[in-house]
Structure formats: structure tokens, C-alpha cells
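What follows is the residue order along each chain.
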Amino acid sequence: MATAASSLPPRPVVLTYDDLRATPDDGCRYEILEGELHVTPAPNTTHQRISRNLEFVLHAHVTQHRLGEVLNAPIDVILDRGTVVQPDLVFVSSARLSVITERGIEGAPDLVVEILSPGTEQRDRGFKQQLYGRYGVAHYWRVDPAARSLTELVLNDRSYAVRATYVATAEPVRSALFPALPIELVSIFRRLGE
């Protein structure tokens, strides 16, 4: 005989940051998005080159002007107990450095950069973009290796507006967050030896 309790649908398992810390160190990237575990393999070499090139440019500018700190993946960005992401790059301004702890970044960075890949593009353009807006990440950059472009999104009342999409040309671009920094996208997308 079925009881009332056994006829209820099972509750979904809601994971937290503590569960994330227990995942294996196997080269995969683990994130918890609203309590659900998402796993992606290590990024490919094109992704890593773009990440490195952009990080070097941002790091040099931010350090020179004492604007804050740039960090690269893997770094846990703990938006709440059940939402922990690992963006490719993050920037935290000097005024907000207290969100950087030994565990990771506990709160919204000023900038999140995601480099799209076939396995993550849909999530980066959709669900994660919505999460970043909801948690107050003021600037979100999506870098598209296939299109050799950078889309700059700026938070406006918990949702993003596209400020611009820049394509790699000889002309440097300037973002709303770093207007004094000319970013040469051709160099960002360049492979070593080109």
C-alpha cells in the first residue's frame, strides 16, 4: 500500500559550495548553477591562448594604474551557496577587493569574461549571462574565437545591454570599464608565431 509520503515526487538534490569542494581534481571545470552541477572538460589551446593574451593586457593595465586585480580560471566565484561559477577571467576593482578571499571571490566581480567554446556557448550566452546579471556583475564580456570578436555587455537594472560587439581589426577598441586601455583584438586572437 502506498503512503502519502511515498507518492510524492523526489526532491531534486541541491548542491552547495561545500559539495563543489569535494569534486575530484581531474582537469575538468566544475560549477554549481542554482544547485545543479555542471562539468566541462579543460579548455582547448585556442581558448587558452586567447585567455592568456587578454589576461596579460588587462593585468598590465590594471596593475599599472592600481585599479584592482585580474584573476584567471580556475577561480571560484561564489555568488551564493548554490551558485559557484568559474569564469575565464575576472576583474575586481580596488574599492571592492574585500570580496577576494582565500576561498575565491565571494560576491560579484566588476567584470566577468567568458571565452565561448562549442560545449559552453549556449550556457554562456543564456543561463550564465542571466545569473551574472541577477547577482550584479556590472560588466560581462563574451569572447567568440570563431568570430574573432568581443561582445561587451553592461548591466542595466539586472539585465545586460550590448554596448558593442568588436571584431578583430587593426583598430584598437576601448571598453566602458577601461576607457584608457586600447585593446588590440588582432593581438588577443593571435597565435604564437603569427
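Residues numbered from 1 in each chain as written. Predicted model: local features only at pLDDT ≥ 70, side-chain atom pairs only at ≥ 80, totals over all residues. Heavy atoms only, no water.

1. Focus: unusual backbone geometry
In the segment running from Ala 73 into Pro 74, the intervening peptide bond is cis, with an omega of 0 degrees. Looking at the element boundaries, Pro 74 is found in the loop between strand 3 (68-72) and strand 4 (77-80). The phi dihedral of Arg 148 falls on the positive side, at around 50 degrees, and the residue is not glycine. Secondary-structure assignment places Arg 148 in the loop between strand 9 (139-144) and strand 10 (149-156). On the basis of relative accessible area, Arg 148 is assigned to the partly exposed category, the value being 34%. One non-glycine residue, Arg 158, lies in positive phi territory at about 70 degrees. For Arg 158, the position within the fold is in the loop between strand 10 and strand 11 (159-167). (Helix = DSSP H or I, 4+ residues; strand = E, 2+ residues; numbered from the N terminus. Buried < 20%, exposed > 50% of the residue type's maximum accessible area, 1.4 Å probe, protein only.)

2. Looking at the nonpolar core
In terms of nonpolar packing, the biggest core is built from 23 residues, with Leu 54, Leu 58, Trp 141, Val 143, Phe 178 and Leu 185 touching the most fellow members. The dominant element in this core, judged by the number of residues it contributes, is helix 2 (residues 45-64), at 4 residues. For Leu 185, the contacting residues outside a window of four places in its chain are Leu 150, Tyr 166, Val 167, Ala 168 and Val 173. (Core = buried A, V, L, I, M, F, W, Y, C linked by side-chain atoms within 4.5 Å. Contact = heavy atoms within 4.5 Å.)

3. Brief notes about the sheet that holds strand 11
Here 6 strands make up an open sheet; going across it, the order is 3-6-8-9-10-11 and the pairing mixed. In this open sheet, the two edge strands, each paired with only one partner strand, are strand 3 and strand 11. With direction set aside, neighbouring strand axes in the sheet form an average angle of 15 degrees. Here 5 bridges tie strand 8 (residues 111-115) to strand 9, and the two strands are oriented parallel to one another. Bridging across to strand 9, Val 113 finds its partner in Trp 141. The strands touched by helix 2 within the sheet are strand 3, strand 6 (89-93), strand 8 and strand 9, with strand 3 carrying the most contacts at an inclination of about 170 degrees. (Pairing = 2+ DSSP bridges. Axes fitted to C-alpha atoms, helices over the stretch in contact; angles between N-to-C directions.)

Take it as geometry only, folks, not as evidence of what the structure does.
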